[in-house]
Amino acid sequence: MKLINLAKERIFYTAKSVSQIAFELGFKYPQHFNRMFKKNTGFTPIEYRNLN
């Protein structure tokens, strides 16, 4: 959950791309980050950014 919360903060408060955020969080492939984020939040990172 800490990783998800950190990802939410970075998605919401920075203008970095989702791929950049995924790499910063230690994911080798952005697709794995997207899948994990959606599984835990119900939204893709882009959908989450647009909601807020």
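Up top you'll find the structure we're talking about.
Residues numbered from 1 in each chain as written. Predicted model: local features only at pLDDT ≥ 70, side-chain atom pairs only at ≥ 80, totals over all residues. Heavy atoms only, no water.

Caption draft 1: A look at the overall build of the chain. Each helix and strand in the chain was counted, giving four helices and zero strands. In sequence order, the chain lays out its α and β elements as α-α-α-α. What you see for the chain is a C-alpha radius of gyration of 10 Å, in line with the 10 Å of a compact globule of 52 residues. A principal-axis box enclosing the C-alpha atoms of the chain has dimensions of 25 × 20 × 20 Å. Going through the 52 residues of the chain one by one, you find that 29% of them count as buried. Excluding contacts between residues fewer than 6 apart, the proportion of contacts in the chain whose partners are at least 24 apart in sequence is 45%. Just so you have it, the chain exposes about 3700 Å², and 55% of that area is on carbon and sulfur atoms. (Helix = DSSP H or I, 4+ residues; strand = E, 2+ residues; numbered from the N terminus. Rg over C-alpha atoms; globule rule 2.2 N^0.38 Å. Buried < 20%, exposed > 50% of the residue type's maximum accessible area, 1.4 Å probe, protein only. Contact = heavy atoms within 4.5 Å. Areas by Shrake-Rupley, 256 points an atom, 1.4 Å probe, with all protein chains shown as cover.)

Caption draft 2: Up close: the pattern of salt bridges. Scanning the model with the defined rule gives two salt bridges in all. A salt bridge links Glu 24 to Arg 10; the shortest N-O distance between them is 3.0 Å. Here Arg 10 lies in helix α1 (residues 2–13) and Glu 24 lies in helix α2 (residues 18–24), a separation of 14 residues in the sequence. Its relative accessible area of 24% is what places Arg 10 among the partly exposed residues. (Salt bridge = Lys/Arg side-chain N within 4 Å of Asp/Glu carboxyl O.)

Caption draft 3: Spatial organisation of the environment of Lys 38. Relative to the assigned elements, Lys 38 resides in helix α3 (residues 30–41). Among all residues touching Lys 38, those that are not within four sequence positions of it are Phe 43 and Thr 44.

Caption draft 4: Here's a closer look at the nonpolar core. Listed in full, the twelve residues of the largest apolar core are Ile 4, Ala 7, Ile 11, Val 18, Ile 21, Ala 22, Leu 25, Phe 27, Phe 33, Met 36, Phe 37 and Tyr 48. If you list the elements that add at least two residues to this core, you get α1, α2 and α3. Residue contacts for Phe 27: discarding those within four places in its chain leaves Leu 3, Ala 22, His 32, Phe 33 and Met 36. (Core = buried A, V, L, I, M, F, W, Y, C linked by side-chain atoms within 4.5 Å.)

Caption draft 5: Inspection of α3 at higher detail. Here α3 spans 16 Å end to end across twelve residues, near enough to the 16 Å set by a 1.5 Å rise per residue. Where α3 terminates, the next one or two residues include Gly 42, which has phi positive at roughly 90°. (Expected span 1.5 Å × (residues − 1).)

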